[in-house]
Amino acid sequence: FVSHEADLALRTVDDAAFFAEVAPLKLGALPPLQQEVSALGFPEGGDSLSITRGVLSRIEHIDYVHSAQSLLGGQIDAALNPGNSGGPVLVDGQIVGIAMQVVFLSQNIAYMVPTPVIQHFLDDVADGRYDGFPSLGLRHQKMENADLRRRYSVPPDKTGVLVLGALPGFSSAEHLKADDVLLSIEGRPVANDATIEFRPQERTAFSFLAEQLQLGQRVAIEVLREGKTIPLVVPLNRALGSGVLVPPPKYDQRPSYFIFGGLLFEPLCYDYLRARNFGSHALVALAARAPAFEGEEVVVLARVLSSEANEGYHDVLDAVVTAVDGVKLRNLEHLVQLIEQG
């Protein structure tokens, strides 16, 4: 099983005898800040096992480079280098994380996948299928501004975030409305800066509480709607990274494209932007927009292959295609249908 979102994989070998004399390590609890940790691995510079030590500096949502998704992560200052990735981070002989990534041009800032994320992955695949981390699919705005809170009649003893809408296809679109104020999730108050307290004196993104559940489960929330506090129970029917206008990185999938008259069309996605080194600011800006309907894609004229049929258009690159013969496009499949019908 592979979780590209969490940069994790569960692997085995064909010969069960491989594990005969191997003592498994247990998963430990998430350690407190400033706890000393040991990182094991085989980084560059030698062939034997390397053990480096440091402390757990932070626990909060971070961007996972592999997936471009935000999940709970642990920052450690133990020295990590290429080759450490996938190695365990230990406290008292128990795994508290898996080495994942580093911040280059910095002083010993490295990250591990913490045990809550690891345990979620293991619980997920226990039924023989990987589903992913659930998401509420909410578009929201922080409410740190006092005038904004007054505008939506948030009582002085309440905090929360303003709901702007929900992504198409998510159950939250059926339960929440634009201009609702999300007050709490799973009984924990949501702060005006969109965080919750997941341990005493430690905060992270409020999405953590939904991500700790499994796809198909329900999450209890509380919203302020037109001055009234309303409890809701929302099914978690879609996974993190789905339903967005510009999809996150894809792995183990062939890219979609269509060639007509030497014109190469592709749907805009994170991989496309990365291949272009994020050079087009106009295309990057689209990544922040929510889809207007489920299945909407941004279709891009990625390249013009040299041909007499498209003479004079060979310099066109990264152009967003919005319509064919005056018909507004929905996605790449729609473009193919319109061209073949014409």
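For the structure itself, consult the block above.
What counts and what doesn't
Residues numbered from 1 in each chain as written. Predicted model: local features only at pLDDT ≥ 70, side-chain atom pairs only at ≥ 80, totals over all residues. Heavy atoms only, no water. Pairing = 2+ DSSP bridges. Helix = DSSP H or I, 4+ residues; strand = E, 2+ residues; numbered from the N terminus. Axes fitted to C-alpha atoms, helices over the stretch in contact; angles between N-to-C directions. Contact = heavy atoms within 4.5 Å.

Colleague: Outline the pairing of strand β15 (residues 218–225), supporting the account with residue identities and numerical values.
Modeller: Judged from the four bridges that link them, strand β11 (residues 181–185) and β15 form a sheet pairing that is antiparallel. When the bridges of β15 are listed, valine 181 appears paired with leucine 224. Sheet analysis places β15 next to strand β16 (residues 228–235), joined by eight bridges and oriented antiparallel. Its bridge partner being in β16, valine 219 is matched across the sheet by valine 234. If you look at the hairpin formed by β15 and β16, you'll find two residues sitting between the two strands, and glutamate 226 has a positive phi there, around 55°.

Colleague: Break down the sheet that holds strand β18 (residues 263–267) for me, with residues and values.
Modeller: Overall, antiparallel pairing links the four strands, which are arranged β17-β18-β19-β20 in an open sheet. Strands at the two margins of the open sheet, each flanked by one partner only, are β17 (258–260) and β20 (319–321). When strand polarity is set aside, the average angle formed by the axes of neighbouring strands in this sheet is 35°. The pairing of β18 with strand β19 (residues 299–304) spans five bridges and is classified as antiparallel. When the bridges of β19 are listed, glutamate 266 appears paired with valine 300. Strand contacts of helix α7 (residues 332–341): β17, β18, β19 and β20, with the helix running at about 25° to β17, the strand carrying the most contacts.

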